[in-house]
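Structural characterization, general
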Amino acid sequence: MSEVKKTVPRGGGGGGWTRFVTARPRLTLLVALVLTALAVLAGGGVADRMGSGGWEDPAAESTYATKALESRFPGSQPNVLLLVDAGAPGVDAPAAAAEARRLAERLDAEPGVDGVGSYWSTGSPALRSEDGRQGVIAARIAGEEKDAAVVLDRIAPAYRGTHGPVEVSLGGELAVRHEMQTVIQEDLLRAELIALPLTLVLLVMVFGSAVAALLPLGVGIVAILGTNAVLRGITEFTDVSVFAQNLTTALGLGLAIDYALFVVRRYREELAAGADTYTAVRTTLRTAGRTVLFSALTVAVSLAAMLVFPQYFLRSFAYAGIAVVLLAATAALTLLPAALVLLGDRVNALDLRRLLRRGRAPRGATTEAAGGDTAGSAGDGSPRDGSSRRDGAGWGRAAALVMRRAPVFAVVTTTGLVLLGLPFLGVKFGTADDRQLPVTASSRVVQDQLRDGFPGSPGGGLPVLAEGEATPAQYAAYRERLAALDGVARAEGPVTAGRGSASFTVVPEGETVGAEAQRVVGELRAAEAPFTTTVTGPAAVLVDSKDAIADRLPWAAGIIVLVTLLLVFLLTGSVVVPVQAVLLNALSLTAMFGAVVWVFQEGHLAGLLGFTSTGDIETTLPVLMFCVAFGLSMDYGVFLLSRIKEEYDATGDHEHSVRFGLRHTGGLITAAAVILAVVMVAIGTSRVTNTKMLGLGVALAVLMDAMVVRSLLVPSVMKLTGRLTWWAPGPLRRFHDRFGISETDAPAGPGTVDGTGAESDADADGRAYSAVR
């Protein structure tokens, strides 16, 4: 085991950043340790400052109406419901009625609680169950979501439970969201406890060395803790969804492992080729480091596209995603090289696979971790990277087979992916409700009883705000007009607040946010009135949210596509490869979207996975899943393309370069994808349906991208396009020569292949190729 040299060797120099990292590794790690400790302190309790909503458009009509009604008619939009169960005597029994009135009066006196009403004060049939055993006390806790949750925590213990002849349970929108936030935090902790040890085991299997396996995990933990601190700071200025913490954990571990795999893998290649520690680190940063930075930018851009949407649910994932991606890349390019400088070749220490190899592997044979490969001959018969000729043999043979039958693989794979995505053509969009929670959640139990046992929908109607001078007769005529609309079960009101302001409540037939309720929203907004009207309620919020997403979706998609095209062009210098990358990445997502509809909308596997299908998909989820999965697909695409381009620049042999890229990165990408999929599946064990959908859906997309698209579709399509793959018009080629990014120090542009001065390098399948060195 060699000692780490204390002097910087000649040659292999790097930029100022590289020199800083390699010259002061202990200082770098010490600063990182201090900053991480500060991040732990700064990010503590961040989940308590997050919200569980964020699906509404702040500029929408429904949002304006909600806020106006909250201030003028708090009773029109209750967000807390007390379900009073009187048992067999019924809610009209004197003792039960007296206790219910006492509870309502007590609730009305609570600070922060407004608009208390009940079946016993209004006699409304919508607030009494059909069997007469249960009644509802409705109220609104005013204020922002986090402030309202504090009030709910304070008063809930005093009302939940037995009160004389009645049993009280808490439900309503606020109770559902608050319990959802609690469940998400518990599930996230469980997911971390599942993911971390499994990830460590997989990393040991990939690297062999326990020392090397701990490095990616350390990078991931630093990225997660740093992102929590960033989110804590963001909550001081804007709302952040608690769901974003799941993405922080998943991407923090997943991308940190991706980047660390790529960096450590390249470093070990350089060591195996005979480089000393400093030179190996500097070469790694100049090559793999550039690719990691480039990959991080592509992922960050995909996530940043969610900033164009007004819903803070989506914007929260952009905040978390951008922060964790940049922190993971920074840690991989700073802390990891510093650790490698200090470790030297001790990065290979504690090889836990040695026992498995003992007595089976030929002496001197080595297997590079993370899906090793053959790097080609060094001219003396040994591979250029010092690894065994057999490393990556399977990927070499697979790539050769795919390219020999390129049309078949391209057509069959594309057709299969399209067929898997067909169920998405029947997607129906909805909104998240209490059925996101497990059936045993207390607020979910209350909402189920309200949904199944009451004739109306307490708290689920469509409030209409009327603004402007009007007579009682005009109000009455307007109410009759609303009640006569097709699909309206009944219309109630008006409730007035001084002159020029009144509220009505319209109860649609069928589901609260079903297609019929959404149609009724349009009818209400189009109804003639002698005053200004605005409509809100769950169905109205959904309609406005869908409109906001549809309006901004082209902008988000345009940003992702245009920036991806630009970045891949800067990497490859080709105008064909970027188009291929965008189209193939989009194809890799078809299975995810098809599975989302087939499983979560249509309810297949609902019993096995433990969720309740509502017959629709929450409107923002496909946007979120697209941005996350597309970014991760680009992450793997960049790793593969960078190695293909590096070899093509050196040899000019297109087919050999594709095989070379697959041999070098096939195992690496597969290992990274499997580990990320494990993390996402751990997230997918959540009891909240949206989180389950996100975790399992992205896990499927990642595996399909690594095992199908990168392994079959990319090499077959690149074989079909041939040398045209690398074409670019003259002006763009000159632009790339000046500003492009490469993982090689060699000048851009392919060499010539004429057999002169070529050396032989045996493929894994025994065939030979020649390339000018």
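The structure under discussion appears in the preceding block.
Here is a short report on the structure shown in this document.

As for the overall build of the chain
Helix and strand content of the chain: 26 helices and 13 strands. Counting only residues that meet the buried cut, the chain has 57% of its 773 residues in that class. Intrachain contacts of the chain at a sequence separation of at least 6 include 78% that bridge at least 24 residues. In the structure as shown, the chain presents an accessible area of about 30200 Å², 61% of it carried by carbon and sulfur atoms.

A closer look at the sheet that holds strand S3 (residues 134-141)
Taking strand neighbours across the sheet as the criterion, the five strands line up as S2-S3-S1-S5-S4 in an open arrangement whose pairing is antiparallel. In this open sheet, the two strands that pair with only one neighbour each are strand S2 (113-118) and strand S4 (161-163). Averaged over all neighbouring strand pairs, the angle between strand axes comes to 25 degrees, with direction disregarded. The pairing of strand S1 (residues 80-85) with S3 spans six bridges and is antiparallel. Note that in S3 the partner of Val84 across the bridge is Gly135.

Looking at the environment of Gly500
Considering the arrangement of structural elements, one finds Gly500 in the loop between strand S8 (488-496) and strand S9 (501-508). Beyond its immediate stretch of four places on either side in the chain, Gly500 contacts Ala466, Glu467, Gly468 and Glu469.

Looking at the pattern of salt bridges
For the structure shown, the criterion picks out 33 salt bridges. Here Arg128 makes a salt bridge to Asp92, at a shortest N to O gap of 3.5 Å. Of the two residues, Arg128 is situated in the loop between helix H5 (119-122) and S3 and Asp92 in the loop between S1 and helix H4 (94-108); the sequence distance between them amounts to 36 residues. Overall, the relative accessible area of 27% leaves Arg128 in the partly exposed class. Judged by relative accessible area, Asp92 falls into the partly exposed class, the value being 45%. Glu110 is the partner of Arg154 in a salt bridge, and the nearest nitrogen-oxygen pair spans 3.4 Å. Here Arg154, found in helix H6 (residues 145-159), pairs with Glu110, found in the loop between H4 and S2; they are 44 residues apart in sequence, far enough to count as distant. Overall, Glu110 belongs to the buried group, its relative accessible area being 17%. Overlapping salt bridges, with partners in common, bring together Arg265, Arg266, Glu269, Glu270, Arg643 and Glu646 in one network.

Quick word on the sheet that holds strand S10 (residues 532-535)
Pairing within the open sheet is antiparallel, and its four strands lie in the order S8-S9-S7-S10. Only two strands of the sheet have a single neighbouring strand rather than two, namely S8 and S10. The average angle at which neighbouring strand axes cross in this sheet is 20 degrees, direction not considered. Examined bridge by bridge, strand S7 (residues 462-467) and S9 share six bridges and lie antiparallel to one another.

Considering the packing of aromatic side chains
Applying the stated criterion across every chain yields a total of 16 aromatic pairs. Measuring from ring centre to ring centre gives 4.8 Å for Tyr648 and Trp726, while their planes differ by 15 degrees; the resulting arrangement is stacked. Of this pair, Tyr648 sits in helix H23 (residues 621-651) while Trp726 sits in the loop between helix H25 (689-721) and helix H26 (730-739); the two residues are 78 residues apart in sequence, bridging distant segments of the chain. Three or more aromatic residues joined by ring pairs make a cluster, and in this case those are Trp55, Phe243, Phe313 and Phe317.

With respect to helix H18 (residues 515-526)
In a regular helix each residue adds 1.5 Å, so 12 residues correspond to 16 Å; H18 covers 17 Å between its end C-alpha atoms and thus fits that length. Turning to H18, its buried residues are Ala517, Gln518, Val520, Val521 and Leu524. Taken end-on, H18 shows its buried residues confined to a sector of 155 degrees, consistent with a single buried face. Residues of H18 that are exposed and angled more than 90 degrees away from the buried face: Ala515 and Ala526.

Comments concerning a nonpolar patch on the surface
On the surface, Phe20, Leu27, Leu30, Val31, Leu33, Val34, Leu35, Leu38 and Leu41 cluster together into a nonpolar patch covering about 870 Å² of accessible area. Of all the elements, helix H2 (residues 25-43) adds the most residues to the nonpolar patch, at eight residues. Turning to its location among the elements, Phe20 is positioned in helix H1 (residues 16-23). By relative accessible area, Phe20 is classed as partly exposed at 33%.

Describing the pairing of S1
When you tally the buried positions in S1, you get five out of six residues, the bulk of the element. Both S1 and strand S5 (residues 166-171) contribute to a ladder of five bridges, which runs antiparallel. Of the residues in S5, the one forming a bridge with Leu81 is Gly171.

Digging into helix H17 (residues 472-483)
For H17, with 12 residues, the first-to-last C-alpha span of 17 Å sits near the 16 Å given by 1.5 Å per residue. For H17, every residue scored as buried is listed here: Tyr475, Tyr478 and Leu482. Take H17 and look down its axis: the buried residues cluster within an arc of 65 degrees, on one side only. Seen from the open side of H17, the exposed residues pointing more than 90 degrees away from its buried face are Pro472 and Ala473. Where H17 is buried, its residues meet S7, S8, S9, H18 and S10.

Quick notes on the packing of helix H24 (residues 654-684) against H25
Running from N to C, H24 and H25 point in directions that differ by 170 degrees, and their axes come no closer than 9 Å. Between H24 and H25, the angle is such that the two are roughly antiparallel. Of the residues in the contact of H24 with H25, the class split is 20 nonpolar, six polar and four charged.

Considerations on the packing of H2 against helix H12 (residues 312-343)
Look at H2 against H12: their axes get within 9 Å of each other, and the N-to-C directions meet at 135 degrees. Here H12 runs oblique to H2, going by the angle between their axes. Once H2 is placed against H12, the crossing between them reads as left-handed. Counting all contacts with H2, which are made through Pro25, Arg26, Thr28, Leu29 and Ala32, the residues of H12 involved are Thr334, Leu335, Ala338, Ala339, Val341 and Leu342.

Calculation notes
- Residues numbered from 1 in each chain as written.
- Predicted model: local features only at pLDDT ≥ 70, side-chain atom pairs only at ≥ 80, totals over all residues.
- Heavy atoms only, no water.
- Helix = DSSP H or I, 4+ residues; strand = E, 2+ residues; numbered from the N terminus.
- Buried < 20%, exposed > 50% of the residue type's maximum accessible area, 1.4 Å probe, protein only.
- Contact = heavy atoms within 4.5 Å.
- Areas by Shrake-Rupley, 256 points an atom, 1.4 Å probe, with all protein chains shown as cover.
- Pairing = 2+ DSSP bridges.
- Axes fitted to C-alpha atoms, helices over the stretch in contact; angles between N-to-C directions.
- Salt bridge = Lys/Arg side-chain N within 4 Å of Asp/Glu carboxyl O.
- Phe/Tyr/Trp six-rings, centres within 6.5 Å; stacked < 30°, edge-to-face > 60°.
- Expected span 1.5 Å × (residues − 1).
- Arc of directions from axis to C-beta.
- Patch = residues over 30% accessible without salt bridge, like charges linked within 9 Å, V, L, I, M, F, W, Y side chains within 5 Å.
- Parallel < 35°, antiparallel > 145°, perpendicular 65-115°, else oblique.
- Nonpolar A, V, L, I, M, F, W, Y, C, P; charged D, E, K, R; others polar.
- Left-handed = near helix turned anticlockwise from the far one by under 90°.

These figures capture arrangement, not role.
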